[in-house]
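# Tertiary structure, described
Listed below, chain by chain, are the residues.
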Amino acid sequence: MRIIVLAFFLCLASLSEAAQMPLSVLPGGAVIFKSIQSVRERKFADLVQQKTDFSCGAAALATILRQAYWLDVNEEQIIEGMLAHADQDLVRVQGFSMLDMKRYVESLGMRARGYRVAVETLHTIRIPVVVLMDIRGYKHFVVMQKVHNGWVYIGDPVLGHKRFKVDDFVKGWNGIIFAIIGQGYDKTNALLDPPLPLTAKNRINTFTPVQDAELMDFGFIPSDFF
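Residues numbered from 1 in each chain as written. Predicted model: local features only at pLDDT ≥ 70, side-chain atom pairs only at ≥ 80, totals over all residues. Heavy atoms only, no water.

The protein has the name C39 family peptidase in an unreviewed UniProt entry, where Pseudomonas donghuensis is given as its organism.

What follows is about the overall build of the protein. Scanning the protein from terminus to terminus reveals eight helices and eight strands. When each of the 226 residues of the protein is scored for burial, the buried share is 41%. Contacts in the protein between residues far apart in sequence, at least 24 positions, make up 57% of those at least 6 positions apart. (Helix = DSSP H or I, 4+ residues; strand = E, 2+ residues; numbered from the N terminus. Buried < 20%, exposed > 50% of the residue type's maximum accessible area, 1.4 Å probe, protein only. Contact = heavy atoms within 4.5 Å.)

Our next topic: the packing of aromatic side chains. This model, assessed by the stated rule, comprises four aromatic pairs. What links up through ring pairs into an aromatic cluster is the set Y69, Y185 and F220. Sitting above the plane of the Y153 ring, K146 keeps its charged end 5.2 Å from the centroid. Sitting over the ring of W151, R163 keeps its end group 3.8 Å from the ring centre. (Phe/Tyr/Trp six-rings, centres within 6.5 Å; stacked < 30°, edge-to-face > 60°. Lys NZ or Arg CZ within 6 Å of the ring centre and 35° of its normal.)

The next thing to look at is the environment of I154. Summarising the element assignment, I154 is placed in strand β6 (residues 151–156). In this structure the C-alpha to C-alpha distance between I154 and F169, which are 15 residues apart in sequence, comes to 9.6 Å. Each residue touching I154, except ones within four places of it in the same chain, is listed here: V142, V143, M144, Q145, G160, H161, K162, F164 and F169.

Formed by 56 residues in total, the largest nonpolar core has its most connected members in L61, I78, L122, V131, M144, F169 and I180. Mapped onto this core, the elements with two or more residues apiece are α3 (56–69), α4 (75–83), α6 (98–107), β4 (129–135), β5 (138–148), β6, α7 (166–172) and β8 (173–181). Here M144 is in contact with L122, I125, I127, P128, V129, V131, V152, Y153, I154, F169 and I177, once residues within four sequence places are set aside. (Core = buried A, V, L, I, M, F, W, Y, C linked by side-chain atoms within 4.5 Å.)

The next thing to look at is the packing of α3 against α6. Put simply, α3 and α6 touch, their axes get as near as 11 Å, and they point 35° apart. As for how α3 packs across α6, the hand of that crossing is right-handed. Of the residues in α6, those in contact with G57, L61 and L65 of α3 are M101, Y104 and V105. Partitioned by chemical class, the residues of the contact of α3 with α6 number five nonpolar, one polar and no charged. (Axes fitted to C-alpha atoms, helices over the stretch in contact; angles between N-to-C directions. Left-handed = near helix turned anticlockwise from the far one by under 90°. Nonpolar A, V, L, I, M, F, W, Y, C, P; charged D, E, K, R; others polar.)

Let us now look at the packing of α4 against α6. Think of two packed helices as two axes; the pair is described by the angle between the axes and how far apart they sit. At their nearest, the axes of α4 and α6 sit 9 Å apart, and the two run at 100° to each other. Of the possible angle classes, the one that applies to α4 and α6 is roughly perpendicular. Contacts from I78, G81 and M82 of α4 reach α6 at D100, M101 and Y104. Taken together, the residues of the contact of α4 with α6 break down into four nonpolar, one polar and one charged. (Parallel < 35°, antiparallel > 145°, perpendicular 65-115°, else oblique.)

The subject of this paragraph is the pairing of β6. Counting buried positions along β6 gives five out of six residues, so the element sits mostly inside the fold. In the sheet, β5 pairs with β6 via five bridges, with the strands oriented antiparallel. Bridging across to β6, V147 finds its partner in V152. Following β5, the chain reverses through two residues before pairing antiparallel with β6; N149 in that reversal takes a positive phi of roughly 50°. Counting the residues between successive antiparallel strands, the hairpin from β6 to strand β7 (residues 160–165) contains three residues. (Pairing = 2+ DSSP bridges.)

This is how it looks when you write it as structure tokens:
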């Protein structure tokens with residue numbers, strides 16, 4: 001009987017990506033549950049997936065604004081906001097540019113800055129930023145979350161969480177980071193501590209909150225912290 005009950009709950013759990021998985025049935029019929037996460041959910045945890053061919057920039061912006069600033073915005077709203085300040089015919093052909101993103105961010109009362117960064121200083125970037133990748137001739141905006149121990153952690157609006165060796169990352173990167181700056185920045189936001197690959201073993205969590213002094217290197221000012 002217990003086996004039948006357990007199988008029934010397993011079937012229910014399989015109906016959705018997020019579920020409570022029953023671990024065992026206790027005497028008296030009580031069931032112990034544990035929260036589970038599908039591989040797909042883990043892959044896109046804390047990320048906004050793009051829904052159109054030209055909206056990778058909007059999805060990348062939405063990811064940072066939602067996670068680092070807790071703004072209730074989505075991809076569609078950002079697309080509309082960027083189109084209001086962009087050449088719509090050009091967007092249909094080439095997609096959005098960093099200039100379009102900059103204008104949108106500034107329309108929110110925030111600041112946006114582009115920095116050319118030397119490869120050897122990538123590890124010093126302590127905030128999530130948007131970067132442009134050239135993937136087999138296809139220009140694609142992604143979120144660079146952190147660089148640690150020779151790995152670059154990426155939040156890709158199409159592929160989810162990924163990581164590349166620094167040498168592989170720079171092959172497709174244009175050398176520029178796009179930083180969003182403003183009040184309400186969450187120095188412990190989830191993007192700074194992305195999930196490691198499912199095959200990782202013996203993970204040691206070395207994440208520490210970013211200090212104010214470090215943020216000021218990227219254009220933050222004291223008033224942004226109040």
